[in-house]
Each structure stands twice: as C-alpha cells, then as structure tokens.
Amino acid sequence: MRTTAPPGTDSTAEPTAATTAWPAVLAVTAGIFAIVTTEILPIGLLTEIGADFTVSDGMAGLTMTMPGLLAAVAAPVVTVATARVDRRVMLCAFILLLAVANFLAAAATGYWVLLASRVLVGVTIGGFWSISAGLAGRLVPPASVGRATAVIFASVPLGSVLGVPAGTLIGGIAGWRTAFVVLGVLSTAVLAALLLTVPRLPAERPTRASELTGLVRTTGTRFALILTFLIVTAHFGAYTYVTPFLEDVTGAGTGTVTIVLLVYGAAGMIGNFICGATVSKHPRATFAAVSAAIAAATLLLPVLGGSLFGALALLVLWGAAYGGVPVCSQTWFAKAAPRSAEAASVLFTASFQATIAIGALTGGLVVDHHAPTTVMTLAGLTAALAVLVVIAHRQSAPPDIALLQSHHRGASPYPNDAPAGVLMDDD
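Residues numbered from 1 in each chain as written. Predicted model: local features only at pLDDT ≥ 70, side-chain atom pairs only at ≥ 80, totals over all residues. Heavy atoms only, no water.

Within the protein, the secondary structure is distributed over 19 helices and zero strands. Counting only residues that meet the buried cut, the protein has 56% of its 427 residues in that class. Long-range pairs, those at least 24 residues apart, make up 84% of the contacts in the protein with a sequence separation of at least 6. Accessible surface computed for the protein: about 15,800 Å², of which carbon and sulfur atoms make up 71%. (Helix = DSSP H or I, 4+ residues; strand = E, 2+ residues; numbered from the N terminus. Buried < 20%, exposed > 50% of the residue type's maximum accessible area, 1.4 Å probe, protein only. Contact = heavy atoms within 4.5 Å. Areas by Shrake-Rupley, 256 points an atom, 1.4 Å probe, with all protein chains shown as cover.)

All right, on to unusual backbone geometry then. In terms of backbone geometry, most residues other than glycine have negative phi values and most peptide bonds are trans. Backbone geometry at Thr54 places phi at a positive 50 degrees, although glycine is not the residue there. Looking at where Thr54 falls in the secondary structure, it is placed in the loop between helix 1 (18–53) and helix 2 (57–60).

Applying the stated criterion across every chain yields a total of eight aromatic pairs. Ring geometry for Phe53 against Tyr111: centres 5.8 Å apart, planes inclined by 55 degrees, an arrangement best described as tilted. Placement of the pair is Phe53 in helix 1 and Tyr111 in helix 5 (residues 111–132), with a sequence separation of 58 residues. (Phe/Tyr/Trp six-rings, centres within 6.5 Å; stacked < 30°, edge-to-face > 60°.)

This brings us to the environment of Phe352. Tracing the chain through its elements places Phe352 in helix 17 (residues 341–369). Using a relative accessible area of 7% as the deciding quantity, one classes Phe352 as buried. Between the alpha carbons of Phe352 and Ala71 there is a distance of 9.1 Å; along the sequence they are 281 residues apart. Once residues within four sequence positions are removed from consideration, Phe352 is found in contact with Thr228, Val232, Tyr322, Val325, Pro326 and Ser329.

Relative to each other, helix 14 (residues 283–304) and helix 16 (residues 325–336) sit at 145 degrees, their axes nearing to 10 Å. Our pair here, helix 14 against helix 16, has a crossing hand that is left-handed. In this structure, helix 14 uses Pro283, Arg284, Thr286, Phe287, Val290 and Ile294 to contact helix 16, whose residues at the interface are Val325, Cys328, Ser329 and Trp332. Looking at the contact of helix 14 with helix 16 residue by residue, the classes come out as seven nonpolar, two polar and one charged. (Axes fitted to C-alpha atoms, helices over the stretch in contact; angles between N-to-C directions. Left-handed = near helix turned anticlockwise from the far one by under 90°. Nonpolar A, V, L, I, M, F, W, Y, C, P; charged D, E, K, R; others polar.)

Once that is clear, we can look at the pattern of salt bridges. Enumeration over the complete set of coordinates arrives at one salt bridge. Close ionic contact of Arg177 with Asp52 constitutes a salt bridge, the shortest N to O distance being 3.5 Å. Of this pair, Arg177 sits in helix 9 (residues 176–197) while Asp52 sits in helix 1, and the two are 125 residues apart along the sequence. Taking the relative accessible area as the measure of exposure, Arg177 reaches 27% and is therefore partly exposed. Asp52 gets classed as partly exposed once you look at its relative accessible area, which sits at 40%. (Salt bridge = Lys/Arg side-chain N within 4 Å of Asp/Glu carboxyl O.)

A word on the confidence of the model for the protein. Per-residue confidence for the protein averages 79 on the pLDDT scale, and 83% of its residues sit at or above 70. Confidence over residues 1–19 falls short of pLDDT 50; this stretch has 42 contacts with residues more than four positions distant or in other chains. Low pLDDT, under 50, characterises residues 398–426; the stretch is placed with 50 contacts to residues that sit more than four places away or in other chains. (pLDDT = per-residue confidence, 0-100.)

A word on the nonpolar core. Judged by nonpolar contacts, the single largest core of 103 residues is most densely connected at Val28, Phe128, Leu194, Leu246 and Trp318. For this core, the leading source of residues is helix 1, giving 12 residues. Sequence-distant contacts of Trp318, defined by excluding residues within four places in its chain, comprise His235, Ala238, Tyr239, Tyr264, Ile294, Ala297, Thr298, Leu301 and Met376. In terms of nonpolar packing, the next biggest core, distinct from the first, is built from 14 residues, Phe53, Ala108, Leu115 and Trp176 among them. (Core = buried A, V, L, I, M, F, W, Y, C linked by side-chain atoms within 4.5 Å.)

Next up, the structure:
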C-alpha cells in the first residue's frame, strides 16, 4: 500500500519497510554532512591553502564564495531541469560529483584547479540540498516525518561540530590535501549507502519555474529572503575569516584554533535543537534572538577577542546562535509555501547559498584591505540590522496572524491553497 505524505510535502511515499526507512534517512543525513563539511572545510584550512598557493587570505576565501554562487544557480536550474527524474538517481549523481570534487581538490596543481573543484561542490549543494530538505515525508511514515526532518537537519551543525574540526586537525597533521582525500572517501561511502538503502523516488509533482517565481512574490517569502540575506551575510562575512582572526588577534596556534572550532560547533548543535523547539511557536522572537546574539558576539570580538578566554566565550555565543539560523530560515520558507515543500527548499537553498558567497566575498575584500577586526564589526552591524527588520515585521503582522488563526481552526484563508503572506504565530 502507498502512504499519503503529510501536509507540506508534494508527493506520496513509496512503499518502504520500517526496517529500511530509517537507514535511508541516515544515508541522506550522511550525504548532507559530507556536503556541509566539504563546503565549509576551507574555513579551518584557509591559511594553509593560501600559503600553499601563495595567495592572500581574501583570495583563499574564494573557496567559500565559489560553491555558494554555483549552488544558488544550481538549486533552481538543476531542480527544474531534472524535475521528472527519479530523486534517488539524482541524489546518487550529486554525491558522486561530490566525491570527484574532493579528489580533484586534493590533487590540485594550481589554485584555479582548486576553484574548479569548488564549482562542482556548488552544483552538488544546490541539487542535493534542494531535493533532500523536504524528503522525509517520502522515506518514513507520516507520524515520523517531524523526527526524520530533525535528524536530516542535524547534519548541518554536525558538519561544524565534527567535520570542520576533524578536517582542520587532519590538515594540521597530514596537510590540507589529505583532509580532502578523507572527504572523497567519505563521499564514496555515502554513495554506497544511498544505493543500498534509498528506495525508488519517482518525481510525482515536478517543480516548475513558474511556481518558484510565484513564491517570490509572496510576503512571507520576501521576508524570509531579506532576513536570510542579512544574517547569513553577517555570519559568513566574519566566520570565513575566523581562523586569521584567532591567529592574528588572539594569538592562537593551529591546535588551539582546532579546539576553539570544536567548541563553537558543539555550541551550534545545542543552538540547533533549542531553536528547533522554539521556532514554530515563536518564530520572530527566535530569529530576533539568534540575530541579536550574533550581533553581540561579532561586535565584542574586536574588544574582548585579544584574550583566548574572551574569544572562546564569544564564539560559544556565536556558535549557539548560528546553530539556529538554518532551521529558522527553512521554517520561514516552509511556512510561506505550505503546499510546495520542494519549491520552498529550492528557494531556501538558493538564497542561503548565494548569501554565503556574498558574505565570504565581502569579508575577503574587507580583510585584505583592512583587518579581521573590521570584518567582525561590519558583521555585527549587519546582524543588528536583521534584528530591526524582525521588529519592524512584528509591528505590521496582525493581519497575517488573524489569517493564521483561521487556518488553525481548519479553514484555509487562501483560495486554492495558494501560498500567501506569512503564516506565523504571534510572538
């Protein structure tokens, strides 16, 4: 028998035995973990990569900019172009591309070869994430969708907790190229897991370009885009260059930087689960809180980051706050498009990745012409602006809240279930 997907998904689940459903979820989670780790690994290896190719920290930061730019383009283009292809086939194809990208990075004979490998990473991010973000409803029974989604999204902060510190440690011991070899092997193992556990997932409701453009016109989507742009720009504009900051301002060595990044990632895991528990009931308050915390941490780092204790304390605050950003952003996009899960995931992925690229590029320009402390200050001001946007939106929200209340009573306030404004609880 076939199981009907819960509201918010755009297809029905294939018949999947209980013994194989969760292994498939774990395989998808491992795939996102490998992708997230590959994407942000250069943060921990930035100075080593720059020294190897004799480029500045800002130029080395292009290894973060390139995947984000390509992912932003790939998310809508690849998803729409392959809309009728079995999603299992696409997941496997993207992970295979990730393995190739990692091995190519490890073997790069010049900096531009390394950047070419990062282009492949960007295509993988855009395609795999857009498909997998809303996939839980097709892998597990309806009653388990929430738990499965939480497991899949836990791979994002897990990449910071385990992936980046482990990669940084491996790079410090055996060289940055070895870290990419390890990721290539991991990606290959994930490909095998996907082939063994994920069932056929034929595309039953293809995502169309017109659907994406229609969502962009809604109030809820626009608000999600603005907030995502501000807070992710602030974060990656500064965090991409946290290693140079810790080395130049705090005076930390390679081993200390690895430990600090590990603590930062652990705080991110905690923040992810806390915000995951609060964002549904208090979406504005949760997003405002994480934005304010990032603003406080980055503005205070130039003042207190000269000591290891001060830098560590502020990075714990920063990590806990940023751990909640992806789940907050994804929640806003999903609420703005309750009947189009994959389309919402595409917009979330595209906007998030484009903003990572913009943040890393802007931060690189600043750090090359000024100092890491300047990057932190500008990031703090940008995050503070995000707080003001949430406050302004809260003051203009009553009509949307009234619509949400009627929606909760069972009557859809929108004709034909079309996505509209912001469907959020009153904070």
